[in-house]
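For reference, the chains in residue letters:
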Amino acid sequence: MVLLRFFVIIGLVRVLLVSESPLLCAVLYGLARFMLGLASDAPHATNLGLTSIAFALAWIYFALLQRVESGSLVWWLIALPGIALILV
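Because the structure is predicted, anything quoted here is derived from the model rather than measured.

Asks: Give a detailed account of the overall build of the protein, specifying residues and quantitative values.
Replies: Scanning the protein from terminus to terminus reveals four helices and zero strands. In terms of its C-alpha atoms, the protein occupies a principal-axis envelope of roughly 40 × 20 × 15 Å. Taking all 88 residues of the protein together, 32% fall into the buried category. When contacts within the protein are restricted to residue pairs at least 6 apart in sequence, those whose partners lie at least 24 apart make up 63%. Total accessible area on the protein is roughly 5400 Å²; 75% of this is exposed by carbon and sulfur atoms.

Structure representation (structure tokens):
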């Protein structure tokens, strides 16, 4: 499950570079997180709570990435630790 979330984040970073829309990427990540949560044994209330937290963190993550020039050192300093978002 974590590996799948990793690939989703990587794909959404690529979408962000093309679309320049952090909200779109955060919504897509939230949707993916919710759908993957349905596949687990967690109760629906827990899934909704974790999805809302993941959405908020993803929006911050993608907004920060969008504000910084891609490929710069600062961009990589944001991008690499942000991969920890998959743990939420």
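Past the structure itself, the notes keep going.
Asks: Which residues make up a nonpolar patch on the surface, and what are the values?
Replies: Among the surface-exposed residues, Val-15, Leu-24, Leu-28, Leu-31, Met-35 and Leu-38 lie close enough to one another that they form a single nonpolar patch of about 490 Å² accessible area. With five residues, helix α2 (residues 22-38) is the largest single contributor of residues to the nonpolar patch. Among the secondary structure elements, Val-15 is positioned in helix α1 (residues 2-19).

Asks: An account of the nonpolar core is requested, with residue identities and associated values reported.
Replies: Formed by 18 residues in total, the largest nonpolar core has its most connected members in Ile-9, Val-13, Tyr-29, Tyr-61, Phe-62 and Leu-65. Considering each element in turn, this core owes the most residues, five residues, to helix α3 (residues 44-67). Beyond its immediate stretch of four places on either side in the chain, Tyr-29 contacts Arg-5, Val-8, Ile-9, Leu-12, Ala-54, Ala-58, Phe-62, Leu-85 and Ile-86.

Asks: An account of unusual backbone geometry is needed here, citing residue identities and associated values.
Replies: With phi around 55°, Glu-20 is a residue other than glycine that occupies positive phi space. Among the secondary structure elements, Glu-20 is positioned in the loop between α1 and α2. Glu-20 gets classed as exposed once you look at its relative accessible area, which sits at 53%.

Asks: Explain the environment of Gln-66 to me, using residue names and the numbers behind them.
Replies: Checked against the element boundaries, Gln-66 lands in helix α3. Along the primary structure Gln-66 and Ser-21 are separated by 45 residues, whereas in three dimensions their C-alpha atoms are 7.7 Å apart.

Rules used throughout
Residues numbered from 1 in each chain as written. Predicted model: local features only at pLDDT ≥ 70, side-chain atom pairs only at ≥ 80, totals over all residues. Heavy atoms only, no water. Helix = DSSP H or I, 4+ residues; strand = E, 2+ residues; numbered from the N terminus. Buried < 20%, exposed > 50% of the residue type's maximum accessible area, 1.4 Å probe, protein only. Contact = heavy atoms within 4.5 Å. Areas by Shrake-Rupley, 256 points an atom, 1.4 Å probe, with all protein chains shown as cover. Patch = residues over 30% accessible without salt bridge, like charges linked within 9 Å, V, L, I, M, F, W, Y side chains within 5 Å. Salt bridge = Lys/Arg side-chain N within 4 Å of Asp/Glu carboxyl O. Core = buried A, V, L, I, M, F, W, Y, C linked by side-chain atoms within 4.5 Å.

Spatial relationships are all this shows, so hold off on functional conclusions.
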